[in-house]
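Okay, here's what each chain looks like letter by letter:
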Amino acid sequence: MLNQEAMELRDKISQVRRYLHAHPELSFKEKATTAYLKNALEAMGIPVTTFPDHYGLTARIGTAKSGKTLLLRADIDALPIVEKSGVSFASGTEGVMHACGHDAHMAMLLGAAELLKRHEAELGGTVLLLFQSGEESGHGAKWYVDRGIADNVDACFALHVQPDVPAGKFSLDPGFRSASCTDFSLTVRGTAAHGSTPHLGHDAIVAASAAIMNAQTLVSRVNNALNPLVVTFGKVTAGHQFNIICDEVTLLGTIRTYDKAVYRSMPGRLLQLFQQTAAVHGCTASMDVFTDEPMCCNHDAALLDTARKAAVSLWGDDVLYSMPAMMGSEDFAFFMEKIPGVLGFLGIGDAQHTTPLHGDHFTLDDGLLYKGAGLFAQFALDYLGKEA
């Protein structure tokens, strides 16, 4: 039974995760991580493809000359966070930490690769493994999609660890799983003057402050109250000297929603609001969007049913747990926009592990990760088995 085989890999998967946790690398800088993954996969006899100008890799499992192709994805980058978890295998790279569980995702997919290689003859198609660079950037997946990695792929599946789900359970729910993510920079420009003669300048701080307050009406009055929407300004940089009227303000922020029309229109609405508010104060405004990530939605009922049945067949009827949609984002959305897919969550929440994702104390019980490896493998066998 595959569940027993996965359980036998428990300690190995934990060791892999701990090694990766101790050696994190930031988005688009995952050189050593890519090399480690390549060596591990090739040691299993799995052919690997790397990229001359990018990190991450793909690997193929399957002997069928025809049949469908299933993409299984794990992200590989870490975050610019100083780790304070206190674990013995904490980050050895100052200021960099696997605080979002990507070390766990890699370990699970490597475990699944070993299981699938053992059962390669049972596959009625091809499993394409993708170890993806740069997820935390918000557009790491897009690089692979733009270069054809998803071409001729019939379905995709990814797992994310989740503290909001009880340890060892899976959330494989229909509908939206993560919101869109539009990260932006707004610049308000005025003219400087001495603080004692403000009438001789155009105060960019006053203009930007008014625009920030006006922007709250985009959520409370412009958006349909039945559609979740978040417009957040997380960083404001302004001024040169206490007694000089500020001539430039830069604001960094993010927009999150589940509504596709709002996702496309809201950046323009926000810019228009800033421009018009700035004009009242004799200033101008401009915007740069540096992350434009769609939402993840489990809308393929048949594919989701395959995932749910795979989880139950491995770990029993009570393994499924319903989790509400979240306003966080996941760049697996770029794949799910192009091909049918499922984004699932493996629960890691318990009394000892309560720190949320991206927290500097974040940790998890890696003794649970064999369950994710098993689900990756069982889902692939069940999906491609139908093609045999």
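Our subject in this report is the structure included herewith. (Residues numbered from 1 in each chain as written. Predicted model: local features only at pLDDT ≥ 70, side-chain atom pairs only at ≥ 80, totals over all residues. Heavy atoms only, no water.)

### Topic: the overall build of the protein
Part 1: The helix and strand inventory of the protein stands at 10 helices and 13 strands.
Part 2: Computed over C-alpha atoms, the radius of gyration of the protein comes to 23 Å, within 12% of the 21 Å expected from 2.2 N^0.38 for 388 residues, which places it in the range of a compact globule.
Part 3: The principal-axis extents of the C-alpha atoms in the protein amount to approximately 80 × 45 × 40 Å.
Part 4: By the burial criterion, 54% of the 388 residues in the protein qualify as buried.
Part 5: Sequence separation of at least 24 residues holds for 81% of the intrachain contacts in the protein that already meet a minimum separation of 6.
Part 6: Approximately 16,300 Å² of the protein is accessible, and the part contributed by carbon and sulfur atoms is 52%.
Part 7: Within the protein, the 43 negative side-chain charges are centred at a point lying 3 Å from the centre of the 30 positive side-chain charges. (Helix = DSSP H or I, 4+ residues; strand = E, 2+ residues; numbered from the N terminus. Rg over C-alpha atoms; globule rule 2.2 N^0.38 Å. Buried < 20%, exposed > 50% of the residue type's maximum accessible area, 1.4 Å probe, protein only. Contact = heavy atoms within 4.5 Å. Areas by Shrake-Rupley, 256 points an atom, 1.4 Å probe, with all protein chains shown as cover. Lys, Arg positive; Asp, Glu negative; His and termini not counted. Charge placed at Lys NZ, Arg CZ, Asp CG, Glu CD.)

### As for the sheet that holds strand β13 (residues 341–349)
Part 1: In space, the seven strands of this open sheet follow the order β1-β2-β4-β3-β5-β13-β6, with mixed pairing throughout. A single partner strand is all that each edge strand has here, and the edge strands are β1 (48–51) and β6 (170–171).
Part 2: With four bridges connecting them, β1 and strand β2 (residues 54–61) associate as antiparallel partners. Bridged to T50 within β2 is L57. (Pairing = 2+ DSSP bridges.)

### Notes on the state of the cysteines
Part 1: Inspection of the entire model under this criterion finds zero disulfides.
Part 2: The cysteine C283 is free of any disulfide, with C246 supplying the nearest cysteine sulfur at 8.8 Å. (Disulfide = S-S within 2.5 Å.)

### Considerations on the environment of A210
Part 1: With respect to the element layout, A210 can be found in helix α6 (residues 204–222).
Part 2: Through-space distance from the C-alpha of A210 to that of G168 is 48 Å; in sequence the pair is 42 residues apart.

### Quick notes on the nonpolar core
Part 1: Counting residues in hydrophobic clusters, the biggest one holds 67 residues, and the most contacted among them are L41, L72, L129, F131 and F157.
Part 2: The greatest single-element share of this core, amounting to 11 residues, is contributed by helix α10 (residues 369–385).
Part 3: With sequence-adjacent residues up to four places away left out, L72 is seen in contact with L109, L116, V127, L128, L129, L130, F157, F376 and A380.
Part 4: Core analysis: the second largest hydrophobic core is formed by 25 residues, L229, V249, V262 and A278 among them. (Core = buried A, V, L, I, M, F, W, Y, C linked by side-chain atoms within 4.5 Å.)

### Side note on unusual backbone geometry
Part 1: Of note, the phi angle at F28 is positive, near 70 degrees, even though the residue is not glycine.
Part 2: If you trace the backbone, F28 turns up in the loop between α2 (10–22) and α3 (31–43).
Part 3: Note on F28: relative accessible area 31%, which makes it partly exposed.
Part 4: Although it is not a glycine, H358 adopts a positive phi angle of roughly 75 degrees.

### As for the packing of aromatic side chains
Each aromatic ring pair is described using two quantities: the centre-to-centre distance and the angle formed by the ring planes.
Part 1: Going through the model one piece at a time under the given rule, you end up with 12 aromatic pairs.
Part 2: Where W143 meets Y144, the ring centres are 5.0 Å apart and the plane angle is 80 degrees; that geometry is what we call edge-to-face.
Part 3: W143 sits in the buried class, given a relative accessible area of 13%.
Part 4: A ring pair is formed by F176 and Y258, whose centres lie 5.1 Å apart and whose planes are at 15 degrees; its orientation type is stacked. Separated by 82 residues along the polypeptide, F176 in strand β7 (residues 175–178) and Y258 in the loop between β10 (248–257) and α7 (260–280) bring together distant segments of the chain.
Part 5: Through a chain of ring-to-ring contacts, the aromatic side chains of F157, F376, F379 and Y383 assemble into a single cluster. (Phe/Tyr/Trp six-rings, centres within 6.5 Å; stacked < 30°, edge-to-face > 60°.)

### Let's talk about the packing of helix α4 (residues 102–118) against α10
When two helices pack together, their arrangement is given by the angle between their axes and by how far apart the axes lie.
Part 1: Closest axis-to-axis distance for the α4/α10 pair is 8 Å, and the angle between their directions is 50 degrees. What the angle tells us is that α4 and α10 run oblique. Remark: the crossing between α4 and α10 carries right-handed chirality. Residues A104, A107, M108, L109, G111, A112, L115 and L116 of α4 form the contact with α10, whose own contacting residues are L369, G372, A373, G374, F376, A377, A380 and L381. (Axes fitted to C-alpha atoms, helices over the stretch in contact; angles between N-to-C directions. Parallel < 35°, antiparallel > 145°, perpendicular 65-115°, else oblique. Left-handed = near helix turned anticlockwise from the far one by under 90°.)

### Quick word on the side chain of N223
Part 1: Structurally, the position occupied by N223 is in the loop between α6 and β9 (229–238).
Part 2: One polar contact links the side chain of N223 to the main-chain carbonyl oxygen of N227, over a distance of 2.7 Å.
Part 3: In this structure N223 touches L218, L229 and V262, once residues within four positions along its chain are discounted. (Polar contact = N/O pair within 3.5 Å; in protein donor to acceptor, adjacent residues only side chain to side chain.)

### Re the sheet that holds strand β11 (residues 284–293)
Part 1: Taken in spatial order, the four strands of this open sheet run β9-β10-β8-β11, and their pairing is antiparallel. The open sheet terminates on both sides in strands that have one partner only, identified here as β9 and β11. Direction aside, the axes of adjacent strands within the sheet are offset by 20 degrees on average.
Part 2: Contacting β8 (181–189), β9 and β10, α6 runs over the sheet at an angle of about 170 degrees to β9.
Part 3: α7 contacts β8, β9, β10 and β11 of the sheet and is inclined by roughly 160 degrees relative to β11.

### Quick notes on the pattern of salt bridges
Part 1: In total, this model carries 19 salt bridges according to the counting rule given.
Part 2: Salt-bridge contacts for K84 lead to D360; the nearest nitrogen and oxygen are separated by 3.7 Å. Placement of the pair is K84 in the loop between β3 (69–75) and α4 and D360 in the loop between β13 and α10, with a sequence separation of 276 residues.
Part 3: Among the charged side chains, a network of salt bridges with common partners joins E5, K12, E114 and R118. (Salt bridge = Lys/Arg side-chain N within 4 Å of Asp/Glu carboxyl O.)

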